[in-house]
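Working through the structure, step by step
Each chain, written out:
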Amino acid sequence: MNTDFTKAAHLWRRAGFGATTAQIHETAERGIDRGIDEFLDFDREDPEMERSLAEFAADALDLNNNIEDVRTWWLYRFIHSRNPLREKLTLFWHGHFATSIAKVERPPLMLQQIRTLREVAVSPFREIIDAISHDPAMLIWLDSNNNRKGKPNENYARELFELFTLGIGNYNEKDVQESARSFTGWGVAEGAYRFDKNQHDSGEKVVFGGRGNWNGSDILDAIVAHPATAKFIAVKLCKFFVNDNPSAQYVERVAEAFRRSGGQMRAVVSAVFKDPEFFAEENRRAIVKSPAEFAISSVRALDVRIPIRNFMNPMRRMGQVLLGPPSVKGWDGGAAWLSSAAVFERINFALQVTGTRGMPEEPRYQPQKWAAGKTFNSVDELAGALAFDILHMDPTPATLASLVEYLGPEKPGGKKADDKPMMEAAAQKAPETAHFKFDAKAMDARLRGAARLLLASPEFQLS
Amino acid sequence: MISRRGFLQNSVGALALGGTLPTIMEKAVAAQAAGGGSKNGRILVVVTLAGGNDGLNTVVPFEQDPYYKLRPTIGHPKADVRKISDQIGLHPLMKKTEAAFKDGHVAVMLGVGYPNPNRSHFHSMDVWQSADPELNNTRTGWLGRVVDSAPDARENAMFAFHLGEETPRMLLAENRRITTFSSLQDYNLVADRFAPNDRTRVERAWDAMARDGAAEAGGSTSLQLARRTMAQALVSANELKDVLGKSATNATYPQGGLAQNFKLAGQVIGAGLPVHVVSLTFGGFDTHANEKNSHAQLWQQIDDAVAAFIDDLAQRGRADDVAIMLYSEFGRRVAENGSAGTDHGAAAPVFIYGKSVGGGIYGEQPSLANLDDGDVKFSTDFRRIYSTILENWLSVDSQPILGAKFDKMPFMTKNS
């Protein structure tokens, strides 16, 4: 089924972090092409969100000393942004140039890196790679600080080639060693980039077969022009935005946009979202949501807010600590997100979202409000409506059947108050008619449970 | 089609996917009858040292002059190392390992690697974990293929498990998801405190979404993956639910993540669950700068944690059933770099601890006078170790797992 609504829902999941049913309807009504253009309008700012975030940060966050507060600052953007593609791309680049507080140790430098990545998120690739190569957190993370004339440290040069630009097989060990020499002298002093001329090896190097007195910038020029880079970035983008296993043709079209534009990321990102196959059946629900996507899309789908600190431990146990990736390779994603421990974390996080009876944050989840004024002729109808409202698609038969069973009449012996059969309660209100309206209050616990199950359903784990 | 109610009633005891399987209760009884799984219940514990362990500072070739010439800052003086032969010695802090070695309970494999070594962490780790240096045969891991092929793995959600957040490639199987957790407290479905009695219903519904869904036609790969993982989570949590309540010993584990994971592994094994493969990861070995202290701390932790684990197993009467293998994706460059660290290298030693292991030194220490672009050349293909473990320890045919026959090594001759 490829209605404008399901397309709009797909777009919100991929270009953002999900949305409420109402927001998706709005996008669908204005038209999908216009919706895509709005997501791609990177110059559109969200001043209201910026203002509220600045206030929140001033009140509650210590961005200079507390890395959890830096994470909170970032998650706030994901949760609240009305223009989320730049935020999503910042998350993409963080996974790409994966840097960890574990070694950097200074929260403000991590914040600075995220601000930089956000700033250059759709800049020409040469500028992105330039910014990250001069970024203080990166310079510490990959030992550029220790890369000295006569005693090169290969860490940055190797990962730059292998993980940031070319990919394995497109360079040799000599290229790594000689590039490390070219980057000597790039370092950090007092929290900022500094070039130390005395530590720079200005001698002759041979990189990719070219002989010269190369410096770091020469290496960056060479790799942006290298044909492997276009392909490498295209693969990463497609895995993140299109499909855990994107088709070779899709990747090639995006790579071609990179080559044609000389690495203009606006053109490249546009090619990802305007591709004729973007909405194709095989690309729908074809990405396992990352813990960030899962957690954010849960609160966004139900339009619920919970304290952002409550995201931290669950996300860690789901396998994603923002600003603390497991290695410079970032997160593997795909199947790796779904370990057996992680799925328990997901269903338990879902409880935090749906069980918000007395939480301080607004809005809370109010299933009574959702049910109020709606008329259902059967539990099946109720289950189907709730499922569509959260999944933004029709549930699979198994998911629907499980939900009906869960919501439906209890087997004999269910005596406890909170295990009270919902249908019985409903039937008592209107026993003589098949067309009854549910007693929303009696159903509160059961509807919360059903919403939790939907957030934990197989379908919802996929973007 | 089975009626929903009938299905649910049958499935409260939660089963693995596919086939007609005994309920958890029946299996628990069977496991106890089999002596807590100790009959033919050998266990392999694999510890992945992530980041590239500096093999030359772990097993020090103190008689080779280039070692001291190329490592003026970080080299361990001959007087400090714990000599296990007239050529090599262990890191100065590996006191308990040295003692276990002298008791004949540690096999030290020298110069382990593979042809055309790759210096990328990720590529090389994939090579070790898939057991495929070309990386073109499969997406599965070598122990995942054991799970796929072992008849009793199918019904046993605890056949293999990983302690951590993410299942490593080593344990990726074609037909199964592998139980993965980092803490048993969190490895379960939390009840809504406003509706505590609803928990069973939620669990039942979630289980049905997973397993009825998996039986549906037409689900995408990702959807099936989610369903299978959910089912695996519920089955294994059911098996693990009593582990924490029992089975403490007097063994004293030190602080730190590695030791705590060993402790958890000891509890699971001690509870009598039919475990055969356990995987742990220990990171921090990517010592590009200021290596000496960090590397020492890592090995201090390993030395203490492994000793505590073996002590724990001994108190449980299971020490003879467990072999512990430690490996890393590569060793490090022979020459130190300008930051008192080392860059990525090639071959390195592998350790196997265990009361049933034939202790000693195996293979040849690579010569530092004969380097390949600054790295030592491997003398033992890592797949020879795998093949020995597969056949002589886990009793499975190594050929289908490794794609070829590799000469076995005699470090498990006590058992073959």
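Conventions adopted
- Residues numbered from 1 in each chain as written.
- Chains lettered and ligands numbered in written order.
- Predicted model: local features only at pLDDT ≥ 70, side-chain atom pairs only at ≥ 80, totals over all residues.
- Helix = DSSP H or I, 4+ residues; strand = E, 2+ residues; numbered from the N terminus.
- Buried ≥ 20, exposed ≤ 12 C-beta atoms within 10 Å, placed from the backbone.
- Contact = placed C-beta atoms within 7 Å.
- Rg over C-alpha atoms; globule rule 2.2 N^0.38 Å.
- Axes fitted to C-alpha atoms, helices over the stretch in contact; angles between N-to-C directions.
- Parallel < 35°, antiparallel > 145°, perpendicular 65-115°, else oblique.
- Left-handed = near helix turned anticlockwise from the far one by under 90°.
- Nonpolar A, V, L, I, M, F, W, Y, C, P; charged D, E, K, R; others polar.
- Pairing = 2+ DSSP bridges.
- Domains from an automatic or database assignment.
- Core = buried A, V, L, I, M, F, W, Y, C linked by C-beta atoms within 7 Å.
- pLDDT = per-residue confidence, 0-100.
- Expected span 1.5 Å × (residues − 1).

When helices and strands are counted, chain B shows 12 helices and 12 strands. Of all 416 residues assigned to chain B, the portion counted as buried reaches 56%. For chain B, long-range pairs separated by at least 24 residues make up 72% of all intrachain contacts whose partners lie at least 6 apart in sequence.

Each helix and strand counted, chain A has 24 helices and four strands in total. Against the 2.2 N^0.38 benchmark of 23 Å for 463 residues, chain A shows a C-alpha radius of gyration of 25 Å, consistent with a compact globule. With respect to the three principal axes, the spread of C-alpha positions in chain A is 95 × 45 × 40 Å. Relative to its 463 residues, chain A shows a buried fraction of 51%. Relative to all contacts within chain A whose residues are 6 or more apart in sequence, the contacts with residues 24 or more apart total 71%.

Another aspect to go through is the packing of helix α19 (residues 340-354) of chain A against helix α24 (residues 444-455) of chain A. Residues and elements named next belong to chain A. Look at α19 against α24: their axes get within 8 Å of each other, and the N-to-C directions meet at 140°. Comparing the axis directions of α19 and α24 gives the class oblique. The handedness of the crossing between α19 and α24 is right-handed. Where α19 abuts α24, its residues I347, A350, L351, V353 and T354 lie against R448, A451, R452 and L455. The residue inventory of the contact of α19 with α24, partitioned by class, reads six nonpolar, one polar and two charged.

Residue and element names in this part refer to chain B. Buried residues dominate strand β5 (residues 106-113), accounting for eight of its eight residues. Pairing of β5 with strand β10 (residues 348-353), which is carried by five bridges, proceeds in the antiparallel orientation. Of the residues in β10, the one forming a bridge with V106 is Y353. Here three bridges tie β5 to strand β11 (residues 360-362), and the two strands are oriented parallel to one another. Following the sheet pairing, V108 is matched in β11 by I361. The sheet contact formed by β5 and strand β12 (residues 380-381) spans two bridges and is parallel. For G113, the partnering residue across the bridge sits in β12 and is D381.

For the rest of this paragraph, the subject is the environment of B:E63. Residue and element names in this part refer to chain B. Following the sequence through the fold, E63 ends up in the loop between β2 (59-60) and α3 (65-70). Classification of E63 by C-beta neighbours within 10 Å gives partly exposed; the count is 13. The spatial distance from the C-alpha of E63 to the C-alpha of G75 is 12 Å, given a sequence separation of 12 residues.

Bringing the domain arrangement of chain B into the picture now. All names here are of chain B. Structurally, chain B comprises domain 1 (1-22 + 197-238) and domain 2 (34-188 + 241-288 + 300-331 + 351-381 + 395-412). With centres defined by C-alpha atoms, the gap from domain 1 to domain 2 works out at 34 Å. Across the contact, 10 residues belong to domain 1 and nine residues belong to domain 2.

This paragraph deals with the interface of chain A and chain B. By convention, interface size is frequently given as the accessible area that disappears when the constituent parts associate. Chain A puts 57 residues into the contact, and the matching count from chain B is 54 residues. Taken together, the elements giving at least two residues each to the side of chain A that touches chain B come down to α11 (155-165), α19, α22 (397-407) and α24 of chain A. The biggest single contributor to the side of chain A that touches chain B is α19(A), with nine residues. Taken together, the residues that form the side of chain A that touches chain B break down as 23 nonpolar, 16 polar and 18 charged.

On to helix α4 (residues 95-102) of chain B, then. Among all positions of α4(B), only B:K96, B:T97, B:E98, B:A100 and B:F101 are buried. B:G104, located one to two residues past α4(B), shows a positive phi value of around 80°.

A separate point is the nonpolar core. The biggest cluster of nonpolar side chains holds 253 residues, and the ones touching the most others in it are A:V254 and B:M325. Tallying contributions element by element places helix α8 (residues 221-240) of chain B first for this core, with 10 residues.

Residue and element names in this part refer to chain B. In space, the three strands of this open sheet follow the order β2-β4-β3, with antiparallel pairing throughout. Both edges of this open sheet fall to β2 and β3 (82-83), since each of them pairs with a single strand only. Two strands pair when backbone bridges link them, and β2 and strand β4 (residues 89-90) are joined in this way by two bridges, in the antiparallel orientation. By the bridge assignment, V59 is partnered in β4 with L90.

This part is about unusual backbone geometry. Positive phi, close to 50°, is recorded for A:F208, a residue that is not glycine. You can see A:F208 is positioned in the loop between β3 (205-207) and β4 (210-212).

The next thing to look at is the confidence of the model for chain B. Of the residues in chain B, 89% reach a pLDDT of 70 or more, and the chain-wide mean stands at 88. When the criterion is pLDDT under 50, residues 1-39 of chain B qualifies, and its contacts beyond four places in sequence or with other chains add up to 46 contacts.

Quick look at helix α6 (residues 85-96) of chain A now. Residues and elements named next belong to chain A. Here α6 is 12 residues long and its end C-alpha atoms lie 16 Å apart, about the 16 Å a rise of 1.5 Å per residue gives. Where burial is concerned, most of α6 is hidden: 12 out of the 12 residues are buried. What α6 keeps buried is the set L85, R86, E87, K88, L89, T90, L91, F92, W93, H94, G95 and H96.

For any two helices packed against each other, the geometry is given by the interaxial angle and the distance between the axes. Axis separation between α24(A) and helix α7 (residues 199-215) of chain B bottoms out at 10 Å; the angle between their running directions is 35°. As α24(A) runs across α7(B), the sense of the crossing is right-handed. Side by side, α24(A) and α7(B) meet where A:G449, A:R452 and A:L453 of the first sit next to B:V202, B:A205 and B:W206 of the second. Classifying every residue of the contact of α24(A) with α7(B) gives four nonpolar, one polar and one charged.

With that settled, the discussion passes to the pairing of strand β1 (residues 186-189) of chain A. Residues and elements named next belong to chain A. Note that β1 and strand β2 (residues 192-195) share four bridges and pair antiparallel. In the sheet register, A189 faces β2, and the bridge partner there is A192. Taking the residues between adjacent antiparallel strands as the criterion, β1 and β2 are bridged by two residues, where E190 takes a positive phi near 50°.

So, about the confidence of the model for chain A. The predicted model of chain A averages 91 in pLDDT, with 92% of residues at 70 or higher. Taken together, the stretch residues 410-421 of chain A has pLDDT below 50 and engages in 14 contacts with residues farther than four places along the chain or on a different chain.

Another point: the environment of A:G330. Inspection of the secondary structure puts A:G330 in the loop between α18 (312-318) and α19. By the C-beta count within 10 Å, which is 18 here, A:G330 ends up partly exposed.

This part takes up the environment of A:A341. Relative to the helices and strands, A:A341 is located in helix α19. For A:A341, a count of 29 C-beta atoms within 10 Å translates into the label buried. Through-space distance from the C-alpha of A:A341 to that of A:M318 is 7.2 Å; in sequence the pair is 23 residues apart. Those residues in contact with A:A341 that lie beyond four places of it in its chain are A:R317, B:E165, B:T180, B:F181, B:S182 and B:Y187.

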